[in-house]
Amino acid sequence: MGNSGRDIKRRIQSVKNTQQITKAMEMIAATKLRKAQINVEKARPYQTHLEASLASALAAAMNEEHELPTIAKETKQERPCLVVFTSDRGLVGAFNANILKAAEEYFAEHENAQVIVIGRQGRDYFNKHNLAYLADFVYIGDSPVFAQANDISQVIQDFYLNDIIDRVDLLYTAFVSPITQRLTRQQILPVGELAVPEGHQAAPFYIYEPSVEEVLASMIPLYLSTTIYHAILESSASEYASSMNAMRNASDNAAELIEELNLSFNRYRQRVITTEISEIVGGAEALG
Amino acid sequence: MAELQLEILTAERHVLSTKVEYVNLSTVNGTIGILANHIPLLTALNIGVLEYGELNGKKRRAAIGGGFAEMNNNKLTVFASSAELAEEIDVLRAREAKRRAEQQLREHKAEWEYTRARVALEKALARLKAAEK
């Protein structure tokens, strides 16, 4: 009997320790989320403006029937490639499971799809399932920089220009709010026709210096890197939000468990006291 | 003198937003000067130095790592893959980068390494030039 009392106490202590850890992790995720959120919001206007300028340059090039640079040309889109953004760390709730499920759906749609994987969790998944990938980028870190996106974009352009792939889609988790994240699939190559973002006023006629082709040739790589940079930022903000929610759930569950264990401990203590009293009363009666 | 608005942006930050008298851009076809009320223009930039004249007559510089610039509504927006104002440039680091790139260029590496080193060298030179007093 004495054992079970100590057992319950020990369990309460162990759950409390776990709760402390999950609470700390929740707080860390919240701090990182705030930083990531600021980064995402800082990057958005640049992205929108860039897309608008690119859209008007593309439209101009098409109107005047210019020869487009190779990177801007339409393709048959027969050999697609998916770029999947996962996290490096685990303990982020269903974040990676969701994105990898969406990736599987993409592979079901496009049987010959190639893949480029970002993040350790994604790479481990593809390794475990013996799936081949074109390239992998891991350990992006807590504060992604543009240079990393540039590297990824360079590799994608190499595959694309060497005709190994002829279509590129990004698959990432867009950050809407700390409780809502949305799986997003975005085609980045071939660039095709871009819609001018709403509320953006482009000049009707630009002079292109030295030529539309040259301007496009310098715009498109920048557009690709920026879009990838943006996807990395969105994905990491979503990762922290997901991690924060997972840790909050874990802390809540721990609190519930502690309450239950406290209850059973009190019940146990009551039982011991009752037994003791009835023993004393019994003894006194026997003496009396 | 008439003025125009100059914005320098990178994906990571808003580098500069100010009113200026003129801007000299380093484009793939050489330097072009932009004054107020220039007609709408889109131009490809190479790695180089951007020069602008402040309203008080002072000349300032920034190092640009390539990209493009758009002139519209008397506003010149520079979309750079990287950009630093002269006073932000770490001269020691740029010198070190220049030395490393030159060494790599001498070592006759594979084509892609060569290209990479050449880009690094151009960027380092642009930074050093922009930082010159």
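Worth saying up front: this structure is predicted, and the values here are computed from it rather than measured.

(A) Region of the structure containing the packing of helix α2 (residues 95-109) of chain A against helix α3 (residues 120-128) of chain A. Residue and element names in this part refer to chain A. Remark: α2 packs on α3, axes separated minimally by 11 Å, with the N-to-C direction vectors making an angle of 50°. Between α2 and α3, the interaxial angle falls into the category oblique. Between α2 and α3 the crossing geometry is right-handed. In this structure, α2 uses Asn-96, Leu-100, Glu-104 and Phe-107 to contact α3, whose residues at the interface are Gln-121, Gly-122, Tyr-125 and Phe-126. The residue inventory of the contact of α2 with α3, partitioned by class, reads four nonpolar, three polar and one charged.

(B) Region of interest: the domain arrangement of chain B. All names here are of chain B. Looking at the assigned domains, one finds that chain B contains domain 1 (4-86) and domain 2 (90-131). Distance between the C-alpha centres of domain 1 and domain 2: 23 Å. Taken together, the ten residues of domain 1 in the interface contact eight residues of domain 2. Interface of domain 1 and domain 2: buried area, both sides summed, is about 740 Å²; carbon and sulfur atoms make up 62% of it.

(C) Layout of the side chain of Gln-157 of chain A. The topology assignment puts Gln-157 of chain A in helix α4 (residues 146-161). Among residues more than four places away in sequence, those in contact with Gln-157 of chain A are Ile-71, Pro-221 and Leu-224 of chain A.

(D) View of the domain arrangement of chain A. Here chain A is partitioned into domain 1 (3-22 + 247-278) and domain 2 (30-243). Distance from the C-alpha centre of domain 1 of chain A to the C-alpha centre of domain 2 of chain A: 49 Å.

(E) How the structure looks around the pattern of salt bridges. All names here are of chain A. Applying the stated rule across the entire model yields 22 salt bridges over all chains. Residues Arg-79 and Asp-163 are paired through a salt bridge, measuring 3.4 Å at the closest nitrogen-oxygen approach. Here the residue Arg-79 occupies a position in the loop between α1 (2-63) and β1 (80-85), and Asp-163 occupies one in the loop between α4 and β4 (167-175), the gap between them amounting to 84 residues. Residue classification places Asp-163 among the partly exposed positions, given a relative accessible area of 47%.

(F) Local environment of the side chain of Glu-7 of chain B. Residue and element names in this part refer to chain B. Assignment of secondary structure puts Glu-7 in strand β1 (residues 4-9). Here Glu-7 sits buried without a salt bridge, and the closest side chain of opposite charge, Lys-75, lies 4.9 Å off (N-O distance). One polar contact links Glu-7 to His-14, side chain to side chain, over a distance of 2.6 Å. Once residues lying within four places of it in the same chain are set aside, the contact partners of Glu-7 are His-14, Leu-16, Ser-17, Lys-75, Leu-76, Thr-77 and Val-78.

(G) Quick peek at the pairing of strand β3 (residues 30-35) of chain B. Residues and elements named next belong to chain B. Pairing analysis gives six bridges linking strand β2 (residues 14-27) to β3, with the strands arranged antiparallel. Counted as the bridge partner of Thr-27 is Gly-30 from β3. Here β2 folds back onto β3, and the loop between the two strands holds two residues.

What counts and what doesn't
Residues numbered from 1 in each chain as written. Chains lettered and ligands numbered in written order. Predicted model: local features only at pLDDT ≥ 70, side-chain atom pairs only at ≥ 80, totals over all residues. Heavy atoms only, no water. Axes fitted to C-alpha atoms, helices over the stretch in contact; angles between N-to-C directions. Helix = DSSP H or I, 4+ residues; strand = E, 2+ residues; numbered from the N terminus. Parallel < 35°, antiparallel > 145°, perpendicular 65-115°, else oblique. Left-handed = near helix turned anticlockwise from the far one by under 90°. Contact = heavy atoms within 4.5 Å. Nonpolar A, V, L, I, M, F, W, Y, C, P; charged D, E, K, R; others polar. Domains from an automatic or database assignment. Buried area = accessible area lost by both parts, 1.4 Å probe. Salt bridge = Lys/Arg side-chain N within 4 Å of Asp/Glu carboxyl O. Buried < 20%, exposed > 50% of the residue type's maximum accessible area, 1.4 Å probe, protein only. Lys, Arg positive; Asp, Glu negative; His and termini not counted. Polar contact = N/O pair within 3.5 Å; in protein donor to acceptor, adjacent residues only side chain to side chain. Pairing = 2+ DSSP bridges.

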